[in-house]
Amino acid sequence: MSTGPKTIYYSKGINGGDEDAVETTKQQVSICALSKEELEKMIRKLLKATSSLDSQLTDQTSTHRALEEALNDPKNGEYAIKHLKQKASLAGNLERLGLLGSNRCFVEFGAGRGKLSHWIDLALQDAENVHFLLVERATTRFKVDGKHRRQGSTFERLQIDIEDLNLSNVPLLTREKLPVVGIGKHLCGAATDLALRCILKSYKTEQEDADKEPLKKRLKSEEMETTREDPLNLPNCIVSNIPNGLSVLGIAIALCCHHRCEWKHYVGKEFFSSQGLGAEDFKIFQRLSSWATCGMKRHSIDISEEEFGNANQKVNLEEHNFEEESIPYGGTLTVEEREHVGRLCKRLIDQGRIWYLQQQGFDSALQYYISPSISLENVLLTAIPLPTIQQTEDS
């Protein structure tokens, strides 16, 4: 395991985002402190901002044969089966997107015990040269990544906060020069924004370095060489800019805990601005997002099994704390209406993430990946590179 701030891939706050000048206070917005008129005004803003969005996400609930035996094992109780179904659907969606294969590195953000990577590895039994980087800031007991002995795959754990991880400096990636796939299961609140910035910053840096040299000069220096791996018969310097040559092959993150998002870290600030919204609006929507799970009781909090048995279990429980559900509310909205408002807040926040990924050249989408009876946090964010102009013209 690689640990500590002295590692070469540690760069304090590199993925944290910029502090907004408007954000002058760290104090949380209290929904209770809002008057009825203020709350109604915010809901009108929310409805306007989400009116153009699709009302229903596509259901992409899936499974994968690698988990069939475990799913049918009577020794696994209801709790374990719920999480196995989620991992099976994540693996199935990775396969649907063409992200399961050889010669790549999976970066699992918020890895916990590493169970998601464990099952993805089992789904890649015939793949070669596959690596897993497990990013987790907490010391984790009962890890499963040390149990893998399959030839063709390796596991490495990075004990570091996502905010401080310079992915482009990780020795494995600089040495192997493999494209990466970013994954995560219930990546809590702001951690999703940190992960998106982490994985795309490294991609952007590599692209910018390549772009510093004029295209004609690069073409001449490579003497227009082509390779058998190039199905389009394009120069290598152009092949590096089509999907199969990008440093980021794709992203699949199961979202969670929007009430723990932070404006500073949020990647969708420009999207909010385009809707006439700002930091103060975000803070209120972020708090209201917890209404989406009003019906949840504390004993049914959707904590992943990776976090149980962890030496820092109390800390991890607080990471997925649903204290927001008990916010006193004296208004006239029903529980169902509050849940609808909460879901719209989540959707709006996630739409900013979609916008960010699209601006970076990715085809990004939100979809349901599991039934709400399994988890109320059942939305998956995916992204794959858009085809470039060169590829489109030659296809």
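Structure: above.
Quick summary incoming for the structure in this document. Everything numeric here is computed off the predicted structure, so don't read it as measured data.

### What to know about the overall build of the protein chain
Piece 1. What the protein chain contains, in helices and strands, is 13 helices and 9 strands.
Piece 2. In the protein chain, which comprises 395 residues, the proportion classed as buried is 52%.
Piece 3. Summarising the internal contacts of the protein chain: among those between residues at least 6 apart in sequence, 77% fall at separations of at least 24.
Piece 4. Of the roughly 19,200 Å² of accessible surface on the protein chain, a fraction of 48% belongs to carbon and sulfur atoms.

### Digging into the packing of helix α10 (residues 279-288) against helix α12 (residues 335-359)
Piece 1. The geometry of α10 relative to α12 is characterised by a closest axis approach of 8 Å and an angle of 130° between their N-to-C directions. In terms of their interaxial angle, α10 and α12 are classed as oblique. Seen along the crossing, α10 lies across α12 with a hand that is left-handed. Across from Phe282, Phe285, Gln286 and Leu288 in α10, the residues of α12 making contact are Val341, Gly342, Cys345, Leu348 and Ile349.
Piece 2. For the contact of α10 with α12, a count of residues per class yields 7 nonpolar, 2 polar and no charged.

### Quick word on the nonpolar core
The tendency in soluble globular proteins is for nonpolar side chains to be buried as a group.
Piece 1. Counting 38 residues, the largest nonpolar core has Phe109, Ile162, Leu165, Val170, Ile251 and Leu357 as the members making the most contacts within it.
Piece 2. Counting residues per element, this core draws most heavily on helix α6 (residues 190-211), at 8 residues.
Piece 3. Beyond its immediate sequence surroundings of up to four residues, Ile162 is in contact with Asn15, Phe109, Gly110, Val135, Leu187, Ala191, Leu194, Ala195 and Cys198.
Piece 4. Grouped together as the second largest cluster of nonpolar side chains are 25 residues, Leu277, Phe285, Leu288 and Leu348 included.

### As for the pattern of salt bridges
Piece 1. As enumerated under the stated definition, the model contains 8 salt bridges in all.
Piece 2. Among the ionic pairs, Lys283 bridges to Glu280, the shortest N-O distance being 3.7 Å. Remark: Glu280 and Lys283 occur in helix α10; sequence separation between them is 3 residues, near one turn of the helix.
Piece 3. Each of Asp193, Asp350 and Arg353 takes part in a single network of salt bridges with overlapping partners.

### Concerning the side chain of Glu163
Piece 1. With respect to the helices, strands and loops of the structure, Glu163 is situated in the loop between β5 (153-159) and α5 (171-176).
Piece 2. With sequence-adjacent residues up to four places away left out, Glu163 is seen in contact with Ser11, Gly13, Ile14, Asn15, Gly16, Leu194, Lys264 and His265.

### Observations concerning the environment of His259
Piece 1. In this fold, His259 is placed in the loop between β7 (248-256) and α9 (269-274).
Piece 2. Here the alpha-carbon distance between His259 and Phe285, two residues 26 residues apart in the chain, equals 8.3 Å.

### A look at unusual backbone geometry
Piece 1. Its identity is not glycine, yet Asn103 carries a phi of approximately 55°, on the positive side.
Piece 2. Located in the positive-phi region is Cys257, a residue other than glycine, with phi close to 55°.
Piece 3. Positionally, Cys257 belongs in the loop between β7 and α9.

### As for the packing of aromatic side chains
Piece 1. Using the criterion set out here, one finds 10 aromatic pairs in the structure.
Piece 2. Between Tyr266 and Phe282 the ring centres are 4.7 Å apart and the planes differ by 35°, which places this aromatic pair in the tilted class. Of this pair, Tyr266 sits in the loop between β7 and α9 while Phe282 sits in helix α10, and the two are 16 residues apart along the sequence. This pair shows no difference in class: Tyr266 is buried, exactly as Phe282 is.
Piece 3. Between Phe271 and Phe272, the ring centres sit 6.3 Å apart and the planes meet at 65°, which makes this aromatic pair edge-to-face.
Piece 4. Looking at Phe272, the relative accessible area reads 0%, which means it is buried.
Piece 5. Positioned above the aromatic ring of Trp291 is the side chain of Arg338, whose terminal nitrogen or guanidinium carbon lies 4.6 Å from the ring centre.

What counts, and where the lines are drawn
- Going along each chain's sequence as written, the residues are numbered from 1 onward.
- Local features in this predicted model are restricted to residues whose pLDDT is 70 or higher, and side-chain atom pairs enter the listing and the counts only when it is 80 or higher, whereas totals over whole chains, interfaces and linings include all residues.
- Neither water nor hydrogens contribute to the side-chain values; these are computed over all heavy atoms in the structure.
- Numbered from the N terminus, helices here are DSSP runs of H or I no shorter than four residues, and strands are runs of E no shorter than two.
- In this scheme, a residue with accessible area under 20% of its type's maximum is buried, one over 50% is exposed, and one in between is partly exposed, where area comes from a 1.4 Å probe on protein chains only.
- Contacts were defined at the residue level, with two residues in contact if any of their heavy atoms lie within 4.5 Å.
- Accessibility throughout is a Shrake-Rupley quantity obtained with a 1.4 Å probe, and a residue counts as covered only by protein chains that appear here.
- Orientation is described by lines fitted to C-alpha atoms, with helices fitted over the stretch in contact, and by angles between N-to-C directions that extend from 0 to 180 degrees.
- These descriptions rest on fixed angle ranges, namely under 35 degrees for roughly parallel, over 145 for roughly antiparallel, 65 to 115 for roughly perpendicular, and the rest for oblique.
- Each crossing gets its hand from how the near helix is turned against the far one by less than a right angle, where anticlockwise is left-handed and clockwise is right-handed.
- Residues are grouped as follows: Ala, Val, Leu, Ile, Met, Phe, Trp, Tyr, Cys and Pro are nonpolar; Asp, Glu, Lys and Arg are charged; every other residue, Gly included, is polar.
- Here the nonpolar core consists of buried residues drawn from Ala, Val, Leu, Ile, Met, Phe, Trp, Tyr and Cys, with membership extended through side-chain atoms lying within 4.5 Å.
- A pairing counts as a salt bridge when a side-chain nitrogen of Lys or Arg comes within 4 Å of a carboxyl oxygen of Asp or Glu.
- Centres within 6.5 Å are what make two rings of Phe, Tyr or Trp a pair, Trp counting through its six-membered ring; a difference in plane orientation under 30 degrees is then read as stacked, over 60 as edge-to-face, and the rest as tilted.
- A ring has a charge above it when a Lys NZ or an Arg CZ is no more than 6 Å from the ring centre and no more than 35 degrees off the ring normal.

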